[in-house]
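Read off the chains here:
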Amino acid sequence: MTANRVEPGEVTAALRPAVRVGAPTERRNPLSADLDLMPTRDVLAVINEADRRVPDAVAAVLDEIAATVDLAVAALRGGSRVHYFGAGTSGRLGVLDAAELAPTFNSPRHWFCAHLAGGPDAMWRAVEDAEDDERGGAAEAADCVRESDLVVGLAASGRTPYVLGALAASRAQGASTVLLCANPEAEAASSVDVFIGVDTGPEVVTGSTRMKAGTAQKLVLNTFSTAVMVRLGRVYSNLMIDLVATNAKLRGRMISILMEATGCAEEVCRRALREADGDLKTALVSLVSGAGVPAARAALARSADQVRGALALLAH
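Residues numbered from 1 in each chain as written. Predicted model: local features only at pLDDT ≥ 70, side-chain atom pairs only at ≥ 80, totals over all residues. Heavy atoms only, no water.

Undergrad: Outline helix α8 (residues 248-262), listing residues and values.
TA: Counted at 1.5 Å a residue, the expected span for α8 with its 15 residues is 21 Å, and the 22 Å between its end C-alpha atoms agrees. Inspection of α8 places Leu250, Met254, Ile255, Ile257 and Leu258 among the buried residues, and these make up the whole buried set. Along the long axis of α8, the arc covered by the buried residues comes to 155 degrees, so they all point the same way. Of the exposed residues in α8, the ones pointing more than 90 degrees away from its buried face are Ala248, Lys249 and Glu260. One side-chain oxygen at the N-terminal end of α8 lies 3.1 Å from the backbone nitrogen of Lys249; it belongs to Asn247. (Helix = DSSP H or I, 4+ residues; strand = E, 2+ residues; numbered from the N terminus. Expected span 1.5 Å × (residues − 1). Buried < 20%, exposed > 50% of the residue type's maximum accessible area, 1.4 Å probe, protein only. Arc of directions from axis to C-beta. Polar contact = N/O pair within 3.5 Å; in protein donor to acceptor, adjacent residues only side chain to side chain.)

Undergrad: So what's going on with the packing of helix α3 (residues 62-77) against helix α7 (residues 212-231)? Residues and values would help.
TA: Contact pair α3 / α7: the axes reach a minimum separation of 9 Å and the direction vectors enclose 45 degrees. Classified by the angle their axes make, α3 and α7 are oblique. Here the hand of the crossing between α3 and α7 comes out right-handed. Taken together, the residues of α7 that come into contact with α3 (itself represented by Ile65, Thr68, Val69, Asp70, Ala72, Val73, Leu76 and Arg77) are Val220, Thr223, Phe224, Ala227, Val228 and Arg231. Considering only residue class, the contact of α3 with α7 consists of nine nonpolar, two polar and three charged. (Axes fitted to C-alpha atoms, helices over the stretch in contact; angles between N-to-C directions. Parallel < 35°, antiparallel > 145°, perpendicular 65-115°, else oblique. Left-handed = near helix turned anticlockwise from the far one by under 90°. Contact = heavy atoms within 4.5 Å. Nonpolar A, V, L, I, M, F, W, Y, C, P; charged D, E, K, R; others polar.)

Undergrad: Could you give me a rundown of the pattern of salt bridges, with the residues and numbers involved?
TA: Applying the stated criterion across every chain, the model contains nine salt bridges. The salt bridge partner of Asp242 is Arg234, with a shortest N-O separation of 3.7 Å. In this pair, the class of Asp242 matches that of Arg234, namely buried. Measuring nitrogen to oxygen at the nearest pair gives 3.3 Å for the salt bridge that ties Glu267 to Arg274. (Salt bridge = Lys/Arg side-chain N within 4 Å of Asp/Glu carboxyl O.)

Undergrad: Give me unusual backbone geometry: which residues, what numbers.
TA: Phi at Asn106 takes a positive value of approximately 55 degrees, unusual for a residue other than glycine. On the secondary structure map, Asn106 appears in the loop between α4 (88-105) and β2 (112-116). One non-glycine residue, Ser237, lies in the positive phi region at around 60 degrees. Along the chain, Ser237 falls in the loop between β6 (235-236) and β7 (239-240).

Here it is in structure tokens:
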């Protein structure tokens, strides 16, 4: 049999240091105690019922998320950056959130920097010991985090050494720090500027934080980064006006956005986009204000590329 074969130089799990974690995410969920005895439909029902509780847990920390949004907006307006540091599922969710902002909001790619314990390879396969590397997290933060940056640590348990090391080093650099976790009791709460402890409770499968804890982190990150983009003027009404039209679907979406925002006919919107050289914001300001493309472009330049600001300038 080869299932348990140890490769040369490999240290078996039994010989590695062990830490028993007391976070709520590691406790047993009594509602799923008989999970392995249930019919498939009942297994799904138990998981679904547990998932339904996550949005309420996120709603309970909206004040803390709002404080984090304000810190991020101030950092980005001041020319600084937002960093995510995480390991495992938490880190992958940070990478996903950061990666989606540029195509959705045309945000500069340097605005949000995601750091994953174990490096890029950890996106595709588990590099479990990487999360224990406190010095590695600290070294990575010391190398790239600067004063006035915002650093968000992502750790389901609230005690991941890689993340805590990064947060400590970031504080030493003069950055603002936030810890997002699924453990309201985390000891590290007192060592960050904002603590977001989402009370998701025990997982359906004990310790599997890719479930409720991961869902909560995904919701918080989406809520946080979207609100940041709204505050920075990259949304007009509820329409994405800074998207990058890299394919036919997105080019069609630009037409639809213009039609929704202005009430103009499709051909009018197409013509405005052509005259604006494909720049959605310029076409939008031109159509809403009635000004020509050159005036719309100049107003955007004077208002830091903010549609509402440009429209206010052209209204006077």
